[in-house]
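Okay, here's what each chain looks like letter by letter:
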Amino acid sequence: MASCPANAVTSRSRADGFGAQYTHVISNFVMARRQGLPYCTNPWLHLEHKANASRLWALVGGSSFGPPARATTTAVAEQHAALAWRARPTDEAARRDVRRFYDGAPKDMAILQPPFAAGLNVAVHVRRGDIKRQLNPRFTSNGLIARCAAAVVGRLGRGAHVHIFSEGRDKSEFGPLAQVAPPDRLHWHLNAPIEATFHSLVMADALIIAHSSFSDAAAYLRPANDTIWAPTGVKPQLAWMYRHLRIEAC
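Residues numbered from 1 in each chain as written. Predicted model: local features only at pLDDT ≥ 70, side-chain atom pairs only at ≥ 80, totals over all residues. Heavy atoms only, no water.

A. The arrangement of the overall build of the protein in detail. Along its length, the protein carries eight helices and eight strands. On C-alpha atoms alone, the protein measures out to a radius of gyration of 18 Å, which is about the 18 Å that the 2.2 N^0.38 rule sets for 250 residues. The principal-axis extent of the C-alpha atoms belonging to the protein is close to 60 × 40 × 35 Å. When burial is assessed residue by residue, the protein has 50% of its 250 residues classed as buried. Long-range pairs, those at least 24 residues apart, make up 70% of the contacts in the protein between residues at least 6 apart in sequence. Of the roughly 11900 Å² of accessible surface on the protein, 53% is carried by carbon and sulfur atoms. (Helix = DSSP H or I, 4+ residues; strand = E, 2+ residues; numbered from the N terminus. Rg over C-alpha atoms; globule rule 2.2 N^0.38 Å. Buried < 20%, exposed > 50% of the residue type's maximum accessible area, 1.4 Å probe, protein only. Contact = heavy atoms within 4.5 Å. Areas by Shrake-Rupley, 256 points an atom, 1.4 Å probe, with all protein chains shown as cover.)

Here is the structure:
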């Protein structure tokens, strides 16, 4: 493996969640490409929510981003604000590489096989767990999400399957979401492994996002010109990650 060049940059160590840390790495990788600088890797040591840092680093192909950083490599914070101003020709090429790293990483399909049925599958990310209170600005009500899911099913066809990815004790916590599709086409994935949920958001035929960097990262990996659906009031936290996508409110 090549050694890390003296003029390279890497990402500062963090201790927050998977979505935040993955988008942090992506932003620094994209900015390094803009600046013509090598990017070196700083594997995750800790993730919130009891996530397995090394396993998720492997899931996204973290080591493919570049050689290991040195102790002297310049470590930088996320570049979200700088990337938001204007796209550069290198950005899309970098994004395709990020997806290539993800696809090329070995996957344990016993865990990751998307739980999808034959036909069209809609993945709905419902952020709960760390934001259960309606006073939290990142909280989106079950009613708004259900209205969005019903609208997407109406666009795709009544035979579409709807998959709810969230945290909770049981489906009774999600009120009107239990009515967005017939029981045989409504699938609940509560408290699933993080890697299984993320992979499903990436691979579904359609994605309804939450106000979450987890959703942002999944959307970033989706094909160019794909349509991403956003319930009323939900906007991408990191809009620069959505430039290759169409975003429709629902």
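The rest of the description comes next.
B. Main features of the pairing of strand 3 (residues 121-125). The buried count for strand 3 comes to five of five residues, which makes it a mostly enclosed element. Neither face of strand 3 is open: one carries Asn 121, Ala 123 and His 125, the other Val 122 and Val 124, and all of them are buried. Where strand 3 meets strand 4 (residues 161-166), five bridges bridge the pair, whose relative direction is parallel. Residue pairing across strands places Val 124 opposite Ile 164, the latter belonging to strand 4. (Pairing = 2+ DSSP bridges.)

C. Layout of the sheet that holds strand 5 (residues 186-190). Ordered by their spatial adjacency, six strands build an open sheet running 5-4-3-6-7-8, and the pairing between neighbours is parallel. Edge positions in the open sheet fall to strand 5 and strand 8 (246-249), since each of these has one partner strand only. Within this sheet the neighbouring strands show an average axis-to-axis angle of 25°, counted without direction. Across two bridges, strand 6 (residues 206-208) lies against strand 7 (residues 227-230) in parallel orientation. Residue Ile 208 lies in a different strand from strand 7, and its bridge partner there is Trp 229. (Axes fitted to C-alpha atoms, helices over the stretch in contact; angles between N-to-C directions.)

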